[in-house]
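Architecture at a glance
What follows is the residue order along each chain.
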Amino acid sequence: MTTMRTLPDADPAVLADSDKVLANLHLAVPGVTRTFDVHDPATGQVIAQVPDFNARQSLDAVARADAAGRSWAATNTRHRADILRAWHDLILSNAEVIALLITREMGKPLAEARAEISYGADFVRWYAEEAVRPGGNLRDAPAGGARLLTRRAPVGLSVLITPWNFPLAMATRKIAPALAAGCPVVIKPAPHTPLTTIFAVQLAVAAGVPEDLVQVVTTTDAPSFSTAVLADPRVRKVSFTGSTAVGKVLLRLAADNVLKSSMELGGNAPLLIFDDADLERAVDGAFAAKIRNGGQSCIAANRIFVQDGIADAFVEALTERLAVVKVGNGLAPGVGLGPVIDHTAVTRLTGLVEDATSRGAHLLAGGSAPSHLGSFFTPTLLDHVPADADLAHTEIFGPIAAIQRFSQQDEAIARANDTEHGLAGYVFTENLDRAFNVADHLATGLVGINQGVPSNAAAPFGGVKQSGLGREGSSEGLEEYQEIRYYNLALRPTT
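Residues numbered from 1 in each chain as written. Predicted model: local features only at pLDDT ≥ 70, side-chain atom pairs only at ≥ 80, totals over all residues. Heavy atoms only, no water.

Looking up the protein in an unreviewed UniProt entry gives the name Succinate-semialdehyde dehydrogenase, with the organism given as Streptomyces lincolnensis. According to the UniProt record, the Sequence similarities (unreviewed entry) comment for the protein reads "Belongs to the aldehyde dehydrogenase family." (UniProt positions renumbered as here; feature names shortened; annotations may be inferred.)

**Focus: the overall build of the protein**
Along its length, the protein carries 15 helices and 18 strands. Out of the 495 residues in the protein, the part that is buried amounts to 56%. Within the protein, residue pairs in contact and separated by at least 24 positions form 73% of the contacts whose partners lie at least 6 positions apart. Roughly 19,900 Å² of accessible area belongs to the protein as shown, and the carbon and sulfur atoms make up 53% of that amount. Of the side chains in the protein, 42 bear a positive and 53 a negative charge, and the two mean positions are spaced by 9 Å. (Helix = DSSP H or I, 4+ residues; strand = E, 2+ residues; numbered from the N terminus. Buried < 20%, exposed > 50% of the residue type's maximum accessible area, 1.4 Å probe, protein only. Contact = heavy atoms within 4.5 Å. Areas by Shrake-Rupley, 256 points an atom, 1.4 Å probe, with all protein chains shown as cover. Lys, Arg positive; Asp, Glu negative; His and termini not counted. Charge placed at Lys NZ, Arg CZ, Asp CG, Glu CD.)

**Comments concerning the domain arrangement of the protein**
What the domain assignment lists for the protein is domain 1 (12–265 + 468–484) and domain 2 (269–449). Put simply, the middle of domain 1 and the middle of domain 2, counted by C-alpha atoms, are 30 Å apart. Every contact between the two is made by 24 residues of domain 1 and, on the other side, 25 residues of domain 2. Between domain 1 and domain 2 lies a buried interface of about 1,900 Å² when both sides are counted; carbon and sulfur atoms form 60% of it. The tally of links between domain 1 and domain 2 comes to zero salt bridges. Linking domain 1 with domain 2 are seven residue pairs in polar contact (both at pLDDT 80 or more). (Domains from an automatic or database assignment. Buried area = accessible area lost by both parts, 1.4 Å probe. Salt bridge = Lys/Arg side-chain N within 4 Å of Asp/Glu carboxyl O. Polar contact = N/O pair within 3.5 Å; in protein donor to acceptor, adjacent residues only side chain to side chain.)

**Describing the sheet that holds strand 8 (residues 235–241)**
Taken in spatial order, the six strands of this open sheet run 7-6-5-8-9-17, and their pairing is mixed. Looking at the sheet topology across the chains shown, the edges are occupied by strand 7 (214–216) and strand 17 (468–469). When strand 5 (residues 157–161) meets strand 6 (residues 185–188), the two strands line up parallel, connected through four bridges. Bridge pairing in strand 6 links Ser158 to Val185. The strands touched by helix 2 (residues 55–73) are strand 5, strand 6, strand 7 and strand 8; relative to strand 6, the strand with the most contacts, the crossing angle is about 145 degrees. The strands touched by helix 6 (residues 169–181) within the sheet are strand 5, strand 6, strand 7, strand 8 and strand 9 (260–264), with strand 8 carrying the most contacts at an inclination of about 155 degrees. (Pairing = 2+ DSSP bridges. Axes fitted to C-alpha atoms, helices over the stretch in contact; angles between N-to-C directions.)

**A few points about the side chain of Thr218**
In this fold, Thr218 is placed in the loop between strand 7 and helix 8 (222–230). One polar contact links the side chain of Thr218 to the main-chain carbonyl oxygen of Pro51, over a distance of 2.5 Å. When near neighbours in sequence (up to four residues on either side) are disregarded, Thr218 contacts Phe36, Val50, Pro51, Asp52, Phe53, Pro189, Pro194 and Ile198.

**Overview of helix 3 (residues 77–93)**
In a regular helix each residue adds 1.5 Å, so 17 residues correspond to 24 Å; helix 3 covers 24 Å between its end C-alpha atoms and thus fits that length. Buried residues of helix 3: Arg80, Ala81, Ile83, Leu84, Trp87, His88 and Ile91, and no others. Along the long axis of helix 3, the arc covered by the buried residues comes to 165 degrees, so they all point the same way. Contact partners of the buried residues in helix 3: helix 2, helix 4 (95–106), helix 5 (110–130), helix 6 and helix 7 (195–207). Near the N-terminus of helix 3, the side chain that reaches the backbone nitrogen of Arg78, with its oxygen 3.2 Å away, is that of Asn76. (Expected span 1.5 Å × (residues − 1). Arc of directions from axis to C-beta.)

**Some details on helix 6**
An α-helical turn contains 3.6 residues, so any two residues separated by three or four positions project in the same direction. In a regular helix each residue adds 1.5 Å, so 13 residues correspond to 18 Å; helix 6 covers 18 Å between its end C-alpha atoms and thus fits that length. Among the 13 residues of helix 6, 13 are classified as buried, and the element is accordingly described as predominantly covered. Gly182 sits one or two residues past helix 6 and shows a positive phi near 100 degrees.

**A few points about the pattern of salt bridges**
A side chain of one charge can pair with a side chain of the opposite charge if their charged atoms are brought near each other. Counted under the stated rule, the structure contains 26 salt bridges. Across the salt bridge formed by Arg85 and Asp89, the nearest N and O atoms sit 3.5 Å from each other. In this pair, Arg85 and Asp89 are both assigned in helix 3, four residues apart and thus about one turn of the helix distant. Here Arg85 falls in the partly exposed class, since its relative accessible area comes to 36%. Using a relative accessible area of 38% as the deciding quantity, one classes Asp89 as partly exposed. Across the salt bridge formed by Arg281 and Glu430, the nearest N and O atoms sit 3.2 Å from each other. Of this pair, Arg281 sits in helix 10 (residues 279–291) while Glu430 sits in the loop between strand 15 (424–428) and helix 14 (432–441), and the two are 149 residues apart along the sequence. On the basis of relative accessible area, Arg281 is assigned to the partly exposed category, the value being 38%. Given a relative accessible area of 45%, Glu430 falls into the partly exposed group. One salt-bridge network, held together by shared partners, links Arg173, Lys174, Glu264 and Glu472.

**Notes on the packing of helix 4 against helix 7**
Between helix 4 and helix 7, whose axes approach to 9 Å, the crossing angle comes to 160 degrees. With respect to their mutual orientation, helix 4 and helix 7 come out roughly antiparallel. Along this stretch, helix 4 crosses helix 7, giving a crossing that reads as left-handed. Across from Val97, Ile98, Leu101, Ile102 and Glu105 in helix 4, the residues of helix 7 making contact are Leu195, Thr196, Phe199 and Leu203. Its residues assigned to classes, the contact of helix 4 with helix 7 shows seven nonpolar, one polar and one charged. (Parallel < 35°, antiparallel > 145°, perpendicular 65-115°, else oblique. Left-handed = near helix turned anticlockwise from the far one by under 90°. Nonpolar A, V, L, I, M, F, W, Y, C, P; charged D, E, K, R; others polar.)

**Description of the packing of aromatic side chains**
Scanning the entire structure with this criterion turns up three aromatic pairs. Centre to centre, the rings of Trp164 and Phe397 are 5.6 Å apart; their planes meet at 85 degrees, and the pair counts as edge-to-face. Taken as a pair, Trp164 in the loop between strand 5 and helix 6 and Phe397 in the loop between strand 13 (380–383) and strand 14 (400–406) lie far apart in primary sequence, 233 residues in all. Across the pair, Phe397 and Trp164 agree in class, each one buried. One residue, Arg321, lies across the ring of Phe287, its end atom 4.3 Å from the ring centre. (Phe/Tyr/Trp six-rings, centres within 6.5 Å; stacked < 30°, edge-to-face > 60°. Lys NZ or Arg CZ within 6 Å of the ring centre and 35° of its normal.)

**Section: the pairing of strand 2 (residues 46–51)**
In this structure, strand 1 (residues 35–39) lies alongside strand 2, joined through five bridges in antiparallel fashion. When the bridges of strand 2 are listed, Thr35 appears paired with Pro51. In this structure, the hairpin formed by strand 1 and strand 2 is closed by a connection of six residues, where Gly44 is found at a positive phi of approximately 80 degrees.

This is the structure in structure tokens:
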């Protein structure tokens, strides 16, 4: 039976500040009269109403972005870089406003919201720098008589579809390279968390981005939006972060117009801890990979494999670490874990715990919803999770650490790769040979070695298998918004 208890409420002064931020948002869109509610997951209260676009209104946004994009594509890269840098600076100077928005609409503690701002702004700064390095090549034809010139050009109007778990960073990670490459944008944020994106784009306009160049489309009818805009011949690119099931639908829609596609899809990240791992580093890394963002991250540690010799000590230490996490409203001081996104998530997480324990898993911490108010779930640890439990193959997306034990390295690698997904993996060992050997054999797009937060704006982020296509971040992220043009320059023979 679940025991309900009082959780820390928002600091009254901070809550008042966030209410002022919400009251000052400019949310109305001319011609869009229908709205939908945005809720605070810590309280369930409605905090804003945003425009609810229909398919026709979404196509109007495509038309506006396309018209603005023609002149933007003709601008020089230094101009784009300067505007992106100005946008970066405005994000940082409005950091506290954005942090309050993120916490109110998504729920994460303010400290984590502030960390997301630093991370999200870094993508804008990175692409301000990458904008002036668009690439290209000049080479001689092997048979002589010509020079072969390649250059990169903007791919065209880009439709960006972002999730709710990192409302700022997922938007900037897509918008910044699109603008750097010279592309206009239509962005659809998740209906749970549209406010941060709206405000961030308003800051981009204040920084000098042409007003119609980035269109924010908020809607509760994602299928109608996707069907309409991806069929429009003006659209040349789609980038999506979300579930594999939705990604497959979008790829089918994109196929009709042969759109360039980037898909960052579901994850089922294995985290491998070997007997020779430093226990403190392993606990710190596993805690970060599991509890950061409430476990609501596509690269969150989903299956934690621990070698027999260190397993008991690791489980004891991680259980103690989870026990002191303060759960409550993200605006309350000292809170380390806010709510999950909604009550549907609470029901799903409860079901995963019940399924695992019914199959023999040992529940050592948490496992319940501690309050009727808001969508909270306690930090949870289950040991000896059997391979047939739902936790062993389902993307958890919540603060549940699911421990499985192993004896041999080859066994751990085989079990880690026994999934259709391949986004992130983690390895904890003090043996350098083992670290690289295991990392090389994990079928994932990225690997954290002795650390639980491997993402970086300077690194290419993306998965293999059914975790997606393409990369975000680094120079590779810019190339996703470019196409290669090739010119063959004939040379007049000399006499």
